Amino acid sequence: MNIDFDLEQVGERTVAIIDQENLRSNAGAVALESFIVAIDPTMKPPAARAFRQKLERQFGLPVKFLLVTHYHADHVFGVAPFKDTCVVGSTELAASILKRKDTEWSPKALERWKQNNPDEDTGWLDEVEIIIPTLSFEGRLEIRDGDQFVELYHGGGHTSCSTYAYVPHEKVLFAGDLMFAESFPYAGDPTCDPDRWMDAFRKMLSLDFEKLVPGHGPVVGKDEIEKHLAFFEALRDATKEAIRADEGSEAIRIPEFYGSNDEKSPWIKVTLQHWYTFYKDAEA
Ligand SMILES: [Zn+2]
């Protein structure tokens, strides 16, 4: 498995893994005075191990906390190399992981995954261990080290357990999958709440930061959140219009947004179906 990657410098003591196709998701970290806080591990344990080694070598400090932003496999499967650190997430994250640990993510299920994808490099699946977070929080949690701190927020939105991290002294925000930078977002998870997601965008916009590390896509600025928020609002209105006209989710007139008119994209289709059901249920 090719796990060759570089850490991108995002702030003075903030780094990230950005847009490495083979690693499946972004990850990042900030070095405080005496320890490192990492945000997401990437999907594959060998890459996650290399990520931790690079961090500890670069800063000469140990990783003490790993925030897992939400329950999707590309953010959870790589946790094992960090299991001796304090693994943090929202209370709902622990519940979501626990629910899957012995079912869709059981050793047997992962073995089936390998058998069903014989052409893919799936050896890394042998190293996957499903880790339950050791520290759970609701609302807001502050990780402090001397004068510096990292703020964690449970905002929900992309999933009900979605969290993000804010580093005020570095003016950096780690958004997890609340931001798919410069692409159409995956907003079709069964627990996705578009209204809470938009609230999370508004809260993020109220914070003082310059760089945003997304769960997927390149590092962006606040303007990308504004763009996404405007699109979400327009899509919400279009969805409600299709519901009012008593038409199905296929009738939603999607505003132009990063290839949103690609009718063949299963990701967009699932998102529209979910929003349609979500707002229809909200009306009932
Ligand atoms: Zn996700």
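Values in this document were obtained by computation on a predicted structure and should not be read as measured data. Residue numbers restart at each chain and count upward from 1, following the sequence in its written direction. pLDDT decides what is reported in this predicted model: residues at 70 or higher carry local features, side-chain atom pairs at 80 or more are listed and counted, and totals for whole chains, interfaces and linings draw on all residues regardless.

### Brief notes about the overall build of the chain
Then, number 1: Think of it this way: any DSSP run of H or I at least four residues long counts as a helix, any run of E at least two long counts as a strand, and we number them from the N terminus. Of the regular secondary structure elements, the chain holds seven helices and 12 strands.
Then, number 2: For the C-alpha atoms alone, the extent of the chain along its principal axes is close to 60 × 50 × 30 Å.
Then, number 3: Buried residues are those with 20 or more other C-beta atoms within 10 Å of their own C-beta, exposed residues have 12 or fewer, and partly exposed residues lie in between; C-beta atoms are placed from the backbone. Considering the chain as a whole, with its 284 residues, one finds that 41% of them fall into the buried category.
Then, number 4: Here the analysis covers contacts within the chain between residues at least 6 apart in sequence; of these, 63% occur between residues at least 24 apart. What counts as a contact is two residues whose backbone-derived C-beta atoms lie within 7 Å of each other.

### A look at the sheet that holds strand β11 (residues 172–180)
Then, number 1: Note: two strands are recorded as paired if DSSP finds a minimum of 2 bridges between them. In spatial order, the strands read β8-β9-β10-β11-β12; together these five strands make up an open sheet with mixed pairing. Edge positions in the sheet fall to β8 (140–145) and β12 (211–216), since each has one partner strand and no second. Taken over all neighbouring pairs, the strand axes of this sheet differ in orientation by 25° on average, direction set aside. Helix axes are fitted to C-alpha atoms over the stretch in contact, other axes to C-alpha atoms as well, and angles between N-to-C directions run from 0 to 180 degrees.

### Regarding the packing of helix α6 (residues 222–244) against helix α7 (residues 266–283)
Then, number 1: Where α6 contacts α7, the axes come no closer than 9 Å and their chain directions differ by 65°. One way to sum up the angle between α6 and α7 is to call them roughly perpendicular. Like other packed secondary-structure pairs, α6 and α7 cross with a definite hand, here right-handed. Residues Leu235, Thr239, Lys240, Ala242 and Ile243 of α6 pack against Trp275, Tyr276, Tyr279, Lys280 and Glu283 of α7.
Then, number 2: Considering only residue class, the contact of α6 with α7 consists of six nonpolar, one polar and three charged. Angle categories: roughly parallel below 35 degrees, roughly antiparallel above 145, roughly perpendicular from 65 to 115, and oblique for all the rest. Put simply, a crossing is left-handed when the front helix is turned counterclockwise from the back one by less than a right angle, and right-handed when it is turned clockwise. Amino acids are sorted into nonpolar (Ala, Val, Leu, Ile, Met, Phe, Trp, Tyr, Cys and Pro), charged (Asp, Glu, Lys and Arg) and polar (every other residue, Gly among them).

### Quick notes on the packing of helix α5 (residues 194–205) against α6
Then, number 1: One way to put it is that α5 packs onto α6 with a least axis distance of 10 Å and a crossing angle of 155°. The orientation of α5 relative to α6 falls into the category roughly antiparallel. Crossing angle aside, the handedness with which α5 passes α6 is left-handed. Residues Pro194, Trp197, Met198, Phe201, Met204 and Leu205 of α5 pack against Lys222, Ile225, His228, Leu229, Phe232, Glu233 and Arg236 of α6.
Then, number 2: Tallied by class, residues from the contact of α5 with α6 come to nine nonpolar, one polar and three charged.

### Description of helix α3 (residues 91–101)
Then, number 1: Listed as buried for α3 are Glu92, Leu93, Ser96 and Ile97. Down the axis, α3 shows its buried residues gathered within 135° of arc, on one side only.
Then, number 2: Check the buried side of α3 and you find it contacts α2 (73–76) and β6 (86–90). It is the directions from the helix axis to the C-beta atoms that the arc portrays.

### Looking at α6
Then, number 1: Multiplying 1.5 Å by the residue count of a helix minus one yields the expected span of that helix. Here α6 contains 23 residues, and its C-alpha end-to-end distance of 33 Å stays within 8% of the 33 Å for a straight helix at 1.5 Å per residue.
Then, number 2: Those residues of α6 lying buried are Ile225, His228, Phe232, Leu235, Thr239, Ala242 and Ile243.
Then, number 3: Buried residues along α6 sit in contact with β11, α5, β12 and α7.

### Digging into the pairing of strand β5 (residues 63–67)
Then, number 1: Among the five residues of β5, four are classified as buried, and the element is accordingly described as predominantly covered.
Then, number 2: One ladder, built from four bridges, connects strand β4 (residues 36–39) with β5; its direction is parallel. Note that in β5 the partner of Ile39 across the bridge is Leu67.
Then, number 3: A crossover connection joins β4 to the parallel β5 through helix α1 (residues 45–59); in handedness this β-α-β unit is right-handed.
Then, number 4: In this sheet, β6 lies alongside β5 in parallel orientation, the contact comprising three bridges. Opposite Leu66, over in β6, you have Val87 as the bridge partner. Handedness of a crossover is defined as follows: with both strands directed away from the viewer, a clockwise route from the first strand across the helix to the second makes it right-handed.

### Let's talk about the nonpolar core
Then, number 1: Val37, Ala38, Leu66, Leu67, Ala165 and Ala175 are the most contacted members of the largest nonpolar core, which has 71 residues in total.
Then, number 2: Considering each element in turn, this core owes the most residues, seven residues, to β11. We define the nonpolar core as any set of buried residues of the types Ala, Val, Leu, Ile, Met, Phe, Trp, Tyr and Cys, connected via C-beta atoms lying within 7 Å of each other.

### A closer look at the sheet that holds β6
Then, number 1: If you trace the seven strands from one edge of the open sheet to the other, you get β1-β2-β3-β4-β5-β6-β7, paired in mixed fashion. Both edges of this open sheet fall to β1 (8–9) and β7 (135–137), since each of them pairs with a single strand only.
Then, number 2: Strands in contact with α3 are β6 and β7; relative to β6, the strand with the most contacts, it is inclined by about 100°.

### Observations concerning the environment of Thr271
Then, number 1: Tracing the chain through its elements places Thr271 in helix α7.
Then, number 2: Assessed through the 24 C-beta atoms surrounding it within 10 Å, Thr271 is described here as buried.
Then, number 3: Each C-alpha atom, one on Thr271 and one on Glu111, is 29 Å from the other, the two residues being 160 residues apart in sequence.

None of this, on its own, says anything about what the molecule does.
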